[in-house]
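Structure assessment
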Amino acid sequence: MVSFPSSYIQHLKESYMERSYLGKPEYKCKFCNAIFWFHERNREDSRKNKEIMYSNCCKYGQIKIPPYKEPPPFLSMLINNKESTLSRHFMQKIRQYNSLFSFTSMGGNIDKTINKGERPYVFRINGQIHHRIGSLSPRKIIFPKLYIFDTKNEIANRIRALNKEETETNDINPFIADELKKMLDQYNPLVKTFRHARDLLKEHNGIDVSIRIIGADKGDLVQYEMPHTEKLAMLIVGELNLEKYKRDIIVSNKNKELQRISIFHPAYIALQYPLLFPYGERGFQLGINYHMTQNTNRKKRKRSTVTVHEHYKYHVHFRPNQPNPYLCYGRLSKQAIVDARAIEDEDRLMFIDRNQDKLRAEYLQGIFDAIEKGLSEGNQVGKRIFLPSSHTGKRRYIIQNYHDGIAICRVYGPPDLFITFTCNPKWPEITAVILRGEQPNDRLDIIVRVFHMKLQQFLEDIRIGNIFDKKQYQITPETIDLWISAEIPDPHEDPLGYVLVSEHMMHGPCGEQNENSPCMKKGKCSKYYPKQFQNETNFTDN
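What this report covers is the structure whose coordinates are included nearby. (Residues numbered from 1 in each chain as written. Predicted model: local features only at pLDDT ≥ 70, side-chain atom pairs only at ≥ 80, totals over all residues. Heavy atoms only, no water.)

Before going further, it helps to examine the overall build of the protein chain. The number of helices and strands found in the protein chain is 19 helices and ten strands. Sorting the 542 residues of the protein chain into buried and exposed places 39% on the buried side. Relative to all contacts within the protein chain whose residues are 6 or more apart in sequence, the contacts with residues 24 or more apart total 64%. Of the roughly 33,600 Å² that the protein chain leaves accessible, carbon and sulfur atoms contribute 51%. (Helix = DSSP H or I, 4+ residues; strand = E, 2+ residues; numbered from the N terminus. Buried < 20%, exposed > 50% of the residue type's maximum accessible area, 1.4 Å probe, protein only. Contact = heavy atoms within 4.5 Å. Areas by Shrake-Rupley, 256 points an atom, 1.4 Å probe, with all protein chains shown as cover.)

What follows is the structure, given as structure tokens:
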């Protein structure tokens, strides 16, 4: 192998005239100040209005949500001072520190095996996600009760409880935990309410106390300002009528069961992520009205309120000089984004469930219909929830795409190439906007948006014939050699090709040289490398 100086490699890449480069995100939404690339513009509206317009953030000003407040000083130091040892440790363990003070537990199967090896950190969860909150009963060690009982040893109790849940966590810094506790005691109205309950229970032994975390109905006003304690949560002493508080979360010392929280409760996210929302900011609720603008007055709207998808999409856009808990908190932000995506999915499934009468809900309901369709098993008969083909990933979605693919093959013949398109985190569009101390995988929003723009460029190149011509070829080894090469380019004749292949298209090292390689399964390479050398392209019927 030939090695080139890094400065020469950089020069080769930058001097290649046909290289795809999207520029910097130098455009700003005039309604919400979200930053975007030129290629992300709404082409039709930009042409009509003769100005660069972007609608994916706030729908041209229809969505108005005040910015988040700057985090408290201690948390701000941990987040922003990335050069310090304390900050690096905190950002590495930020999910565990958040779990120390979370009011709710996340239900779901978190895949911890994916982060073995040297690849970037990934938060992946399987199955349905749900948040549950416990009672104020001292019988079980659950995190809400740690705000109330044995608070003299609170930090030690929290670390001990966390170590039982996450066995790999054993290096929590007590100083950081104690300072975070003081911070939440001072700023978080939910914590203040739980502390008030602690004082009442201590003063009046045996008293019935319930904490009412106030919810919201469709007609309720949206609370965007910093919440006061009485507007977010309150104490109820004595008996209470649960019928009166159906929309609220009631945490009491009588009810010993875990209760599941609705995704539409304004405190759903704040209860799970106290470090992301240290002031107890209220999140999405039903009935957030669109803001009327000149652009919306002309159009007849099918809907008048903000959806779950639009709410979180608004928050995942970067705006200069505005704190953003969904982007700036490393691994914890990743978890929150995955959580938000699960909320969107549950919202869509609930919509489908509510509208079964419009989606052929009677399908397979009767025995006669089932027998007519050839079904013989008992569990195949009865009313089912009908998921339309528009729901990504489900059976009807897959079948519809399969039939579309077969129809295309019937007209044009089977495909000759299987093309993959992957993201390179070293693309200059990504590295140019990553802040000091950040890694590319800390900014999932940037990676996704740049990848999508590059993919659209690539598809456009294929459509207009820049990559493949439109001639009909008989498939032979010679034809394959026109488009595909499995050889390493000559470093003297094609130095850029040599550099790119050696950087991005070489497998391994794996096997005995690197047993932690992602391809290693049961001590062997799952891709069957190393492979035998072929002198020429071998073409068979398979």
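Along helix 12 (residues 308-315), six of the eight residues are buried, which leaves the element largely enclosed by surrounding structure. Those residues of helix 12 lying buried are Val-308, Glu-310, His-311, Tyr-312, Tyr-314 and His-315. Where helix 12 is buried, its residues contact helix 10 (268-272) and helix 13 (330-354).

With that out of the way, let us pick up the sheet that holds strand 4 (residues 124-133). The strand order across the open sheet formed by three strands is 3-4-8, and the pairing between neighbours is antiparallel. Each edge of the open sheet is held by one strand with a lone partner, namely strand 3 (105-111) and strand 8 (259-260). Where strand 4 lies against strand 8, two bridges are found, and the strand directions are antiparallel. Note on strand 8: the bridge partner recorded for Arg-132 is Arg-260. (Pairing = 2+ DSSP bridges.)

To continue, consider the environment of Gln-128. Among the structural elements, Gln-128 can be located in strand 4. For the pair Gln-128 and Gly-108, spaced 20 residues apart in sequence, the C-alpha to C-alpha distance is 5.9 Å. Beyond its immediate sequence surroundings of up to four residues, Gln-128 is in contact with Gly-107, Gly-108, Arg-260 and Glu-346.

Residues Glu-478, Asp-481, Glu-487 and Glu-536 make up a contiguous surface patch of negative charge. Note on placement: Glu-536 falls in the segment after strand 10 (524-525). Glu-536 gets classed as exposed once you look at its relative accessible area, which sits at 64%. (Patch = residues over 30% accessible without salt bridge, like charges linked within 9 Å, V, L, I, M, F, W, Y side chains within 5 Å. Salt bridge = Lys/Arg side-chain N within 4 Å of Asp/Glu carboxyl O. Lys, Arg positive; Asp, Glu negative; His and termini not counted. Charge placed at Lys NZ, Arg CZ, Asp CG, Glu CD.)

For the rest of this paragraph, the subject is the pattern of salt bridges. Counted under the stated rule, the structure contains 19 salt bridges. Residues Glu-179 and Lys-182 are paired through a salt bridge, measuring 3.6 Å at the closest nitrogen-oxygen approach. Of this pair, Glu-179 and Lys-182 both sit in helix 7 (residues 174-187), separated by three residues, roughly a single helical turn. Classification of Lys-182 as partly exposed rests on a relative accessible area of 43%. Two residues, Glu-429 and Lys-454, come together in a salt bridge whose shortest N-O distance is 3.0 Å. Linking Glu-429 in helix 16 (residues 428-431) with Lys-454 in helix 17 (residues 444-463), this pair joins segments that are 25 residues apart in sequence. Note on Glu-429: relative accessible area 1%, which makes it buried. Through salt bridges with shared partners, a single network forms among Glu-44, Arg-47 and Lys-48.

This brings us to the packing of aromatic side chains. Under the definition given, this model contains 17 aromatic pairs. With 5.7 Å between their ring centres and 50° between their planes, Tyr-68 and Phe-277 make a pair best called tilted. Of this pair, Tyr-68 sits in the loop between helix 2 (43-49) and helix 3 (73-80) while Phe-277 sits in the loop between helix 10 and helix 11 (294-297), placing them 209 residues apart in sequence. As far as the burial class goes, Tyr-68 and Phe-277 line up, both buried. In textbook terms, an aromatic cluster arises when at least three aromatic residues are bridged by ring pairs, as seen for Tyr-27, Phe-36, Phe-38 and Tyr-54. Between Arg-319 and the ring centre of Tyr-314, over which it is positioned, the NZ or CZ distance is 3.9 Å. (Phe/Tyr/Trp six-rings, centres within 6.5 Å; stacked < 30°, edge-to-face > 60°. Lys NZ or Arg CZ within 6 Å of the ring centre and 35° of its normal.)

This part is about the pairing of strand 4. In terms of strand pairing, strand 3 meets strand 4 through six bridges, oriented antiparallel. Looking at strand 4, one finds that Asn-109 is bridged to Asn-126.

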